[in-house]
Structures are given as C-alpha cells and as structure tokens.
Amino acid sequence: MSIINDYKEILAEIAREWDKADKDIKFAEQVCQKITISSIFELRYAGRRIIDALNMIAADADLKDVTLLLQEAKFDCHRARHDAIDAATSKIALDIDNMGRKLGYNAILKAYPGFAAFRYLLSGIRKKIAASRGNRQNREAIYASIEEDGFKGLVDEFDKIQEAEKIMKSLAKRERVIFLGGIAGIVIGAIGIAVTIFIAIVD
C-alpha cells in the first residue's frame, strides 16, 4: 500500500482526466449519434499503460519508469477529450452549414432566433481548435478553455436547434410555395398582358 501511495497524486490526476474525457465522449456521441472511435482508442491506450504501470509497481520497477507510464496515460486521457471535442464541433459545423444551405436562414431564424449567437459561439470554439494545432505546448490549456467557455452549452443549444428543425423545414417549404406562387402569378399576369396586347393589335 505504501508503494501505491508514491503514485497517489498522479493516479488521482488520471482519474480526474478520465472522468472529463468520458463526459466529453458522451457529448460527442450525443452530437454525432455514433461512437467516437479515436477517443475510445485513446482511453484504451491509457488503460493499457495503467495496467503496465501497476505490473511494474508489483515487480518493484524503477520509480521513473512507472511515473513515465502514468504520465503518458494522463496524456492519453487529454487526447481522448481533444478528439471528442473535435468530432462534435466538426459534426455541428457541417450540419449547421447544410441546414443554412438547404433551409435558408430566414426559416432558421424564425424557428430559432438565437442562431446568430450560436454561430458566434461555434466559430470561437473552432478558431481555438485551429490555434491549438500550431501551439502544441498549450494545447491542453486551449481545450480546457473550450470546455470552460461553453462546449457543453454548444451541445445543449445544438440539441435545441435539432428540435426546432421540423419547424424550420415547414417554414422553408411554405416560403418556397409562396415564392413559386408569386412566380406563377407573375408569369400568368405577363401572359394575360401579352394576350390583351395581341388582341388589341389584331382588332
């Protein structure tokens, strides 16, 4: 037991990071509606390193070697969280772009007035993710700030947008019908004018 106490602090850190990763993975699965494989693999790697470290502890291995394995396990948990956030925000960005193109922003804003604020939040998170690619030293701090600044809120709002999507589709369909009706009216009116002019010329 006293040997385990030597690693108590880092094991507690791993436990906290594992729980954070598990939470973010669930958010990602909620958005993507499928398992985020890369995140699961990272947690698998973390688990494997923890087992290897425990085996080394049981064999009275060198303290530095065990600590290195446990640190790598913690970083695997970080990467699992990063992959989950990447997957969720990428899916949200794709769905939002498709929604705007297919339904039109007029219908979207009528059904979900907070859409512009949502896009602003999403854009801010995506910019931070892009910045992390060129800033490996601070990557974990950047992703931690993403979680603090509204990753959960982003997922919650995306759920609301999805709930409002049926209304958006109905509004978009109505707008198309009105638009086509207006075009048809213009065409019919033009034909009527042309016929009137033709009759007047013939007479």
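Here's what I pulled together on the structure shown here. Numbers given to residues run from 1 along each chain, matching the order in which its sequence is written. pLDDT decides what is reported in this predicted model: residues at 70 or higher carry local features, side-chain atom pairs at 80 or more are listed and counted, and totals for whole chains, interfaces and linings draw on all residues regardless. Water and hydrogen atoms play no part in the side-chain values, which are based on all heavy atoms of the structure.

Let us now look at the overall build of the protein. For the purposes of this entry, the term helix denotes a DSSP run of H or I that reaches at least four residues, the term strand denotes a run of E that reaches at least two, and both are numbered from the N terminus. Along its length, the protein carries eight helices and zero strands. When the helices and strands of the protein are listed from N to C terminus, the series reads α-α-α-α-α-α-α-α. Buried, partly exposed and exposed residues are distinguished by accessible area as a fraction of the type maximum, computed with a 1.4 Å probe on protein chains only: under 20%, between the cut-offs, and over 50%, respectively. Counting across all 203 residues of the protein, residues that qualify as buried make up 32%. Every accessible area reported is derived by Shrake-Rupley at a probe size of 1.4 Å, with residue values counting cover from the shown protein chains alone. Roughly 12600 Å² of accessible area belongs to the protein as shown, and the carbon and sulfur atoms make up 60% of that amount.

Now for the layout of surface pockets. Cavity: a set of points on a 1 Å grid over the protein atoms alone where a 1.4 Å probe fits but cannot get out. Pocket: an open set with protein on both sides within 12 Å along at least five of seven lines, its lining residues, like those of a cavity, having an atom within 4 Å of a point. Grid points are joined across faces, edges and corners, and a volume is the space filled by probe spheres set on the points. Each pocket or cavity is described by its volume, and for the largest pocket that value is around 260 Å³. Along the wall of the largest pocket there are 13 residues; nearest its centre are H78, R79, H82, R136 and R139. Broken down by secondary-structure element, the contributors of at least two residues to the lining of the largest pocket are α4 (63-103) and α7 (139-148). Residue contributions to the lining of the largest pocket peak at six residues, all from α4. Taken together, the residues of the lining of the largest pocket sort by class into two nonpolar, three polar and eight charged. Quantified by volume, the second largest pocket comes out at close to 160 Å³. In terms of lining, the second largest pocket is formed by K20, K23, D24, F27, R81, E140, A144, E147, E148, F151 and K152. Asp, Glu, Lys and Arg are counted as charged, while Ala, Val, Leu, Ile, Met, Phe, Trp, Tyr, Cys and Pro are counted as nonpolar; the rest, among them Gly, fall into the polar class.

Within the chain, Q33 stands out as a residue other than glycine whose phi angle is a positive 60°. Within the secondary structure, Q33 sits in the loop between α2 (8-32) and α3 (37-58). For Q33, a relative accessible area of 67% corresponds to the exposed category.

Moving on, we come to a positive patch on the surface. A contiguous patch of positive charge on the surface is contributed by R101, K102, K166 and K169. When you line up the elements, K102 lands in helix α4. Overall, the relative accessible area of 59% leaves K102 in the exposed class. Candidate patch residues must exceed 30% relative accessible area and have no salt bridge, after which like charges are joined if within 9 Å and Val, Leu, Ile, Met, Phe, Trp or Tyr side chains if within 5 Å. Only one rule defines a salt bridge in this text: a Lys or Arg side-chain nitrogen within 4 Å of an Asp or Glu carboxyl oxygen. For this count, His and the chain ends are skipped, Lys and Arg are scored as positive, and Asp and Glu as negative. Taken as the charge location is NZ of Lys, CZ of Arg, CG of Asp or CD of Glu.

With that settled, the discussion passes to the packing of aromatic side chains. Note on aromatic contacts: the rings of Phe and Tyr and the six-membered ring of Trp form a pair at centre separations within 6.5 Å, being stacked when their planes are under 30 degrees apart, edge-to-face when over 60 apart, and tilted otherwise. Using the criterion set out here, one finds two aromatic pairs in the structure. When the centroid spacing of 5.9 Å and the interplanar angle of 75° are considered together, the rings of F27 and F151 count as edge-to-face. Residue F27 is located in helix α2, and its partner F151 is located in helix α8 (residues 151-202); the two are separated by 124 residues in the primary sequence. Each member of the pair F27 and F151 is classed as buried. Measuring from ring centre to ring centre gives 5.8 Å for Y105 and F115, while their planes differ by 45°; the resulting arrangement is tilted. In this pair, Y105 is assigned in helix α5 (residues 105-111) and F115 in helix α6 (residues 115-133), connecting sequence segments ten residues apart. Of the residues examined, Y105 reaches a relative accessible area of 40% and is grouped as partly exposed.

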